[in-house]
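Chain and residue survey
Now for the letters of each chain:
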Amino acid sequence: MCRKILTHRMHHDVRTPMIFDIRDQNVDKQPIYANPRRTKYHRCEVSRPKPGEWLLNSRWPTEVTHGDPAEFPGWGIEAVTHFDRYAEEELESSECEYHSCCVLSVDVQFCLEFRRLVSHELRTGPVGFSASDHEPEECQAFILEHRHKRLRYFGRHQAYPRRCPATWRSDMREVETGLPFWSQDYKREARHFADWQLFAFGQYEDLYRLEQDAKTLFLVFCDLLVSKRRGHPDSVAAENSISRLQDELTELRIKIDRLNNWAHDIDPEVPPTFIPIWKWRVLAAKDEVTRLRKVEMNPKEFKSVYELLTLTFPQLQK
């Protein structure tokens with residue numbers, strides 16, 4: 001699988017969060033990862049500095065990262081030279097086509113299978129492969145990745161029209177090759193991997209988004225339970241919204257499970273079952289509010305209702 005990795009050093013965080021574990025009920029404790037297969041288009045008030053406006057101690061835009069042959073076993077020096085050529089061209093080029101507050105560098109990696117195929121077709125042998133004569137997109141299993149790194153300032157901060165602090169999430173990790181659902185666990189044809197991964201990671205994005213929506217709705221529902229009478233239309237509407245969202249989450253988890261089974265060439269005999277945890281949390285919240293009102297508890301002391309946000313299946317069984 002030949003890869004082109006675009007590293008976006010940015011002022012603003014445009015990464016898209018996703019979560020992997022479809023069976024973990026407490027999503028807030030799951031590690032959050034940035035989707036490496038896509039980046040959001042972004043334009044803001046911070047733009048690439050003009051020549052001469054860079055900080056004196058800045059790494060950009062003059063530094064070119066040179067590949068170490070030891071980091072690319074089996075490549076040979078020509079592939080590393082190709083990597084340098086790309087990096088130098090990008091750092092000296094105009095602004096990133098995706099973002100305004102970005103300095104772009106590119107890492108090109110040719111897989112051993114592609115090198116062998118090209119060398120065989122040219123009948124030159126492995127030593128005849130020249131990276132400068134080829135593009136990674138020629139590989140059937142080509143993968144384009146987007147990596148994002150924080151760049152606090154482009155140039156002199158006083159050159160900015162007003163104070164623009166860098167925005168960056170500290171709770172998001174980068175996907176590494178050692179994670180599950182990556183290439184070493186993939187059992188199908190390599191030429192399908194890029195499309196499968198792009199689609200699967202999009203589903204993981206949806207899983208994170210829907211879980212966050214469910215969390216927000218549940219907190220709104222708890223507010224209504226505490227402040228409104230039992231059976232109030234607003235509480236009923238919020239409960240129905242959570243129920244619909246739970247159904248969407250269950251369907252999405254089943255879909256992701258099928259995607260993973262296909263990729264890993266697994267045909268499970270028993271279909272997966274997923275606990276409708278948000279529906280159960282709603283029921284537990286209603287029971288808790290009823291219990292507290294029976295003992296004439298002050299509504300301001302209904303903290304235990306909000307603690308049900310992280311209630312899991314084993315706790316519900318007690």
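Residues numbered from 1 in each chain as written. Predicted model: local features only at pLDDT ≥ 70, side-chain atom pairs only at ≥ 80, totals over all residues. Heavy atoms only, no water.

Some thoughts on the packing of aromatic side chains
The condition that has to hold: Only Phe, Tyr and Trp rings take part, Trp by its six-membered ring, and two of them pair if their centres are within 6.5 Å. Stacked means planes under 30 degrees apart, edge-to-face means over 60, and tilted covers everything else. Helix and strand definitions here come from DSSP, where helices need a minimum of 4 consecutive H or I residues and strands a minimum of 2 consecutive E residues; each element is numbered from the N-terminal end. The buried label applies to any residue whose accessible area, calculated with a 1.4 Å probe on protein chains only, is under 20% of its type's maximum; exposed applies above 50%, and partly exposed to all values in between. Geometrically, a charge over a ring is one whose NZ (Lys) or CZ (Arg) sits within 6 Å of the ring centre while staying within 35 degrees of the ring normal.
With the rule as written, the count across this model stands at ten aromatic pairs. Ring plane angle 85 degrees and centroid distance 4.8 Å describe the contact between Phe20 and Tyr204, whose orientation is recorded as edge-to-face. Residue Phe20 is found in the loop between β2 (17-18) and β3 (32-34), and its partner Tyr204 is found in helix α3 (residues 193-227); the two are separated by 184 residues along the sequence. Tyr204 matches Phe20 in its accessibility class, with the two residues each being buried. Here a set of aromatic residues connected by ring pairs shows up, and it is made of Phe20, Tyr33, Phe201 and Tyr204. Lying over the aromatic face of Trp278, Arg281 brings its terminal NZ or CZ to 4.4 Å of the ring centre.

Description of the nonpolar core
Operational definition: By nonpolar core is meant a set of buried Ala, Val, Leu, Ile, Met, Phe, Trp, Tyr and Cys residues that side-chain atoms within 4.5 Å join together. The contact rule is simple, with two residues in contact once any of their heavy atoms fall within 4.5 Å.
If you look at the biggest cluster of nonpolar residues, it comprises 49 residues, and the most contacted ones within it are Phe218 and Trp278. Listing elements by their share of this core, those giving two or more residues are β3, α3, α4 (233-263) and α5 (277-294). At 16 residues, α3 tops the list of elements feeding residues into this core. Not counting the four nearest positions on each side in its chain, Trp278 is found in contact with Glu211, Ala214, Lys215, Phe218, Ile242, Gln246, Leu249 and Leu309.

Let's talk about the pairing of strand β1 (residues 3-10)
Our working definition: Strand pairing requires that DSSP identify at least two bridges connecting the strands.
Along β1, eight of the eight residues are buried, which leaves the element largely enclosed by surrounding structure. Every second residue of β1 is oriented toward a common face, with Arg3, Ile5, Thr7 and Arg9 on one face and Lys4, Leu6, His8 and Met10 on the other, all of them buried. Here eight bridges tie β1 to strand β4 (residues 102-109), and the two strands are oriented antiparallel to one another. In the sheet register, Ile5 faces β4, and the bridge partner there is Asp107. Strand direction decides the pairing type here: β1 and strand β5 (residues 143-150), joined by eight bridges, are parallel. Bridging across to β5, Arg3 finds its partner in Ile143.

Considering the environment of Cys44
Of note, Cys44 is situated in the loop between β3 and α1 (77-91). For the pair Cys44 and His11, spaced 33 residues apart in sequence, the C-alpha separation works out to 9.7 Å. Ignoring anything within four residues of it in the chain, the contact list for Cys44 reads His12, Ser100 and Cys101.

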